[in-house]
Amino acid sequence: QKEVEQDPGPLSVPEGAIVSLNCTYSNSAFQYFMWYRQYSRKGPELLMYTYSSGNKEDGRFTAQVDKSSKYISLFIRDSQPSDSATYLCAMAKGAQKLVFGQGTRLTINP
Amino acid sequence: NAGVMQNPRHLVRRRGQEARLRCSPMKGHSHVYWYRQLPEEGLKFMVYLQKENIIDESGMPKERFSAEFPKEGPSILRIQQVVRGDSAAYFCASSPGDSNQPQHFGDGTRLSIL
């Protein structure tokens, strides 16, 4: 079993839809949770960074962490074609050695 | 551009040659991390370095791979006697000196082995 499981998709939704991306994990020692966005041939770009459980909102993006269920989510509201990318969840015990999910390929259709 | 700088962006080597990948962290960052991304797979941690010290190399293959972050200059990931299976995208990330700050990534070096 992988430490972090993420549905690779691909996921295709119409412009303006609410997108929900999810990861599950098995290591209860993880304390730091991140979402990165990666465009083709580019490096991962940090979107959200949270510590422990709870919600965090930044513009159209909301990250949720449920440590009791070992489940994290990223919601994108009012999705735009420019949001089309691969979304990577990542987590760590001490924010140094990140463990990544496989990534979900998302396409927003105009 | 104050971001993480990696070079070269693309590197082609023949089997048995050496590959050297360079990474300059963001300004003010003293921690460097290397990750490898194989086709259709997620990023895998390789090594975590601070200036002149290797902190965690638990993800490094036991042979042919080495990393350094000297007092002056960029961090170097070195792969000796490359094989076809080393073909991948290698990403460097950096973070500030205080602990538990998020990592910011460069755009990677795409290594192709002929």
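Overview of the structure. (Residues numbered from 1 in each chain as written. Chains lettered and ligands numbered in written order. Predicted model: local features only at pLDDT ≥ 70, side-chain atom pairs only at ≥ 80, totals over all residues. Heavy atoms only, no water.)

**Section: the layout of surface pockets**
Estimated volume of the largest pocket: approximately 640 Å³. In terms of lining, the largest pocket is formed by 24 residues, of which the most central are Arg105 of chain A together with Gln37, Leu38, Pro39 and Glu40 of chain B. For the lining of the largest pocket, the elements supplying multiple residues, two or more each, are strand S9 (85–92) and strand S11 (104–109) of chain A together with strand S9 (88–96) and strand S11 (109–113) of chain B. The element that contributes the greatest number of residues to the lining of the largest pocket is S11 of chain B, accounting for three residues. When its residues are assigned to classes, the lining of the largest pocket shows nine nonpolar, nine polar and six charged. (1 Å grid on protein atoms, 1.4 Å probe; cavity = no way out; pocket = protein on both sides within 12 Å on 5 of 7 lines; lining within 4 Å. Points joined across faces, edges and corners; volume = space filled by probe spheres on them. Helix = DSSP H or I, 4+ residues; strand = E, 2+ residues; numbered from the N terminus. Nonpolar A, V, L, I, M, F, W, Y, C, P; charged D, E, K, R; others polar.)

**Looking at the state of the cysteines**
What the rule picks out here adds up to two disulfides over all chains. Put simply, Cys23 of chain A and Cys89 of chain A are joined by a disulfide, and their sulfur atoms are 2.0 Å apart. A torsion of -100 degrees about the S-S bond marks the disulfide between Cys23 of chain A and Cys89 of chain A as left-handed. Here the residue Cys23 of chain A occupies a position in strand S3 (residues 19–25), and Cys89 of chain A occupies one in strand S9, the gap between them amounting to 66 residues. The side chain of Cys23 of chain B participates in a disulfide bridge whose partner is Cys92 of chain B; the two sulfur atoms lie 1.8 Å from each other. On the S-S bond that ties Cys23 of chain B to Cys92 of chain B, the torsion sits near -55 degrees, and the link is left-handed. Residue Cys23 of chain B is located in strand S3 (residues 19–24), and its partner Cys92 of chain B is located in strand S9; the two are separated by 69 residues in the primary sequence. Each of the two residues, Cys23 of chain B as well as Cys92 of chain B, counts as buried. (Disulfide = S-S within 2.5 Å. Buried < 20%, exposed > 50% of the residue type's maximum accessible area, 1.4 Å probe, protein only.)

**Observations concerning the pattern of salt bridges**
Residues and elements named next belong to chain B. All chains considered together, the criterion is met by seven salt bridges over all chains. Put simply, Glu18 and Arg20 hold a salt bridge, and the shortest N to O gap is 2.8 Å. A salt bridge links Glu18 to Arg78; its shortest N-O distance comes to 2.9 Å. Of this pair, Glu18 sits in the loop between strand S2 (10–13) and S3 while Arg78 is found in strand S8 (residues 75–79), placing the two residues 60 residues apart along the sequence. Glu18 sits in the partly exposed class, given a relative accessible area of 29%. (Salt bridge = Lys/Arg side-chain N within 4 Å of Asp/Glu carboxyl O.)

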